[in-house]
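Structural overview for review
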Amino acid sequence: MISRLFLRALTLGALLLTSTAALGAPCGTAPFETWLEDFKKEAASKGISASAIQAGLTGVTLDKSVLARDQSQKVFSQSFEEFSGRMVPPRLTRGSNMLKQYGSVLGRIEQAYGVPGEVLVAIWGLETDFGVNIGKFPTLRALATLAYDCRRTDMFKAELMDALRIVERGDIAPQEMRGAWAGEIGQTQFMPSSYIKFAVDFDGNGRRDLLRSPPDVLASTANFLANHGWQRGKDWEPGGANFAAIKEWNKSEVYAKTIGYFATQLSRAP
């Protein structure tokens, strides 16, 4: 997960400053509490239920540690050899065990979405050490803080709206919604917008639970890749038909190559 946050500089940090939305308090000018009250009105105007808004945003305060992390991002500069050499070997044995443990589920996921288990387990391991390190930042507070800040307010306001929609449809309770400082949620670190679009209820319990359900996590990750051009049965290494889909997961060339390399190593594991 820590690696993903460094890499976010390549995506979030490269975005241009956004304009303030027409509805709601201007970013960063009014007190945070005033801005939040106006945001609640805007969320209601977009059809989000009063109960979800109340549950998700009551008592939310500005998190200065999130602003500090956002403003101190550094461009990711490790080479593929450095990054893959640090990230893959310590995770190979556990990754191989996860392939076996979830073999039946991964087989059904590949049948449904065309994405092999090795790729999904590689992403899982690189993002959060197979669900061990999903992050401790309250997601709604982090997103509200970043939406209030003027650097990328429109982007994070949209993500905050989608986080409230996750609450509204009952996938995760607000108090359980914790993750990385930039709003990523779950064992493979979905932004709320991707959660809304691609999360699936693969274990059939009526919720799309990317915090606790490995079947939901792995199938949702496969659904993301399938919706970004994954071709069944094709190669995933650089130059292969599916490398572009992996780069849609993370636009860093080094990170994407490391996913492919890790997946290949897992496919060769005994």
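Everything numeric in this text was worked out from a predicted model, so none of it was measured.

A look at the overall build of the protein
Looking only at helices and strands, the protein features 14 helices and 2 strands. A globule of 270 residues ought to have a C-alpha radius of gyration of about 18 Å, and the protein, at 19 Å, matches this closely. Projected onto its principal axes, the C-alpha positions of the protein cover 60 × 40 × 30 Å. Counting all 270 residues of the protein, 53% fall into the buried class. For the protein, long-range pairs separated by at least 24 residues make up 72% of all intrachain contacts whose partners lie at least 6 apart in sequence.

Digging into the state of the cysteines
As enumerated under the stated definition, the model contains 1 disulfide in all. Disulfide pairing places Cys 27 opposite Cys 150 at an S-S distance of 2.1 Å. Every disulfide takes its handedness from the sign of the S-S torsion; for Cys 27 and Cys 150 that torsion is 110°, giving right-handed. Here Cys 27, found in the loop between α1 (2-7) and α2 (32-45), pairs with Cys 150, found in the loop between α9 (139-148) and α10 (153-168); they are 123 residues apart in sequence, far enough to count as distant. Classification of Cys 27 as buried rests on a relative accessible area of 7%. Residue Cys 150 is classed as partly exposed on the basis of its relative accessible area, which comes to 33%.

Quick word on the packing of helix α3 (residues 50-57) against α10
Packing of α3 against α10 brings their axes to within 9 Å, and their N-to-C directions diverge by 110°. One element, α3, and the other, α10, form an angle in the roughly perpendicular class. Listed contacts from α10 to Ala 52, Ile 53, Gly 56 and Leu 57 of α3 are Leu 160, Leu 164, Val 167 and Glu 168. In terms of residue class, the contact of α3 with α10 is built from 6 nonpolar, 1 polar and 1 charged.

Focus: the packing of helix α5 (residues 80-87) against helix α6 (residues 89-101)
Running from amino to carboxyl end, α5 crosses α6 at an angle of 50°, the nearest separation of the two axes being 4 Å. Judged by the angle between their axes, α5 and α6 are oblique. On α6, the residues that touch Ser 84, Gly 85, Arg 86 and Met 87 of α5 are Pro 89, Pro 90 and Arg 91. Split into classes, the residues belonging to the contact of α5 with α6 amount to 3 nonpolar, 2 polar and 2 charged.

Details of α10
One turn of an α-helix holds 3.6 residues; hence residues three or four places apart share an orientation. A rise of 1.5 Å per residue sets the reference length of α10, with its 16 residues, at 22 Å; its end C-alpha atoms lie 22 Å apart and thus fit the reference within 8%. Inspection of α10 places Thr 153, Phe 156, Lys 157, Glu 159, Leu 160, Met 161, Asp 162, Ala 163, Leu 164, Ile 166 and Val 167 among the buried residues, and these make up the whole buried set. Here the buried face of α10 lies against α2, α3, α9 and α11 (192-198). Following α10 by one or two positions, Gly 170 adopts a phi angle in the positive range, close to 85°.

Considering the pattern of salt bridges
Going through the model one piece at a time under the given rule, you end up with 15 salt bridges. When the shortest N-O distance is used, the salt bridge between Asp 63 and Arg 141 registers 3.8 Å. A residue pair is termed long-range when its members are at least 10 positions apart, and Asp 63 in the loop between α3 and α4 (64-71) and Arg 141 in helix α9 qualify at 78 residues. With a closest N to O distance of 3.5 Å, Arg 208 and Asp 171 form a salt bridge. With Arg 208 in the loop between α11 and α12 (214-226) and Asp 171 in the loop between α10 and β2 (178-179), the pair connects residues that are 37 residues apart, well separated along the chain. The partly exposed category is assigned to Arg 208, whose relative accessible area is 28%. Its relative accessible area of 0% is what places Asp 171 among the buried residues. Here the residues in one salt-bridge network are Glu 176, Arg 207, Asp 209 and Arg 212, joined through shared partners.

Side note on helix α7 (residues 103-113)
When α7 is considered as a whole, its buried residues turn out to be Val 105, Leu 106 and Ile 109. Projected onto a plane normal to the axis of α7, the buried residues spread over an arc of 95° and lie on a single side. Those residues of α7 that are exposed and angled more than 90 degrees off the buried face are Ser 104 and Gln 111. Immediately downstream of α7, the backbone of Gly 114 shows phi near 85°, a positive value.

Overview of the confidence of the model for the protein
Parts of the prediction with low pLDDT should not have their coordinates interpreted in detail. On average, residues of the protein carry a pLDDT of 91, and 90% of them reach 70 or more. For the stretch residues 5-23, pLDDT sits under 50, and the model shows 51 contacts to residues farther than four places along the chain or on other chains.

Rules used throughout
- Residues numbered from 1 in each chain as written.
- Predicted model: local features only at pLDDT ≥ 70, side-chain atom pairs only at ≥ 80, totals over all residues.
- Heavy atoms only, no water.
- Helix = DSSP H or I, 4+ residues; strand = E, 2+ residues; numbered from the N terminus.
- Rg over C-alpha atoms; globule rule 2.2 N^0.38 Å.
- Buried < 20%, exposed > 50% of the residue type's maximum accessible area, 1.4 Å probe, protein only.
- Contact = heavy atoms within 4.5 Å.
- Disulfide = S-S within 2.5 Å.
- Axes fitted to C-alpha atoms, helices over the stretch in contact; angles between N-to-C directions.
- Parallel < 35°, antiparallel > 145°, perpendicular 65-115°, else oblique.
- Nonpolar A, V, L, I, M, F, W, Y, C, P; charged D, E, K, R; others polar.
- Expected span 1.5 Å × (residues − 1).
- Salt bridge = Lys/Arg side-chain N within 4 Å of Asp/Glu carboxyl O.
- Arc of directions from axis to C-beta.
- pLDDT = per-residue confidence, 0-100.

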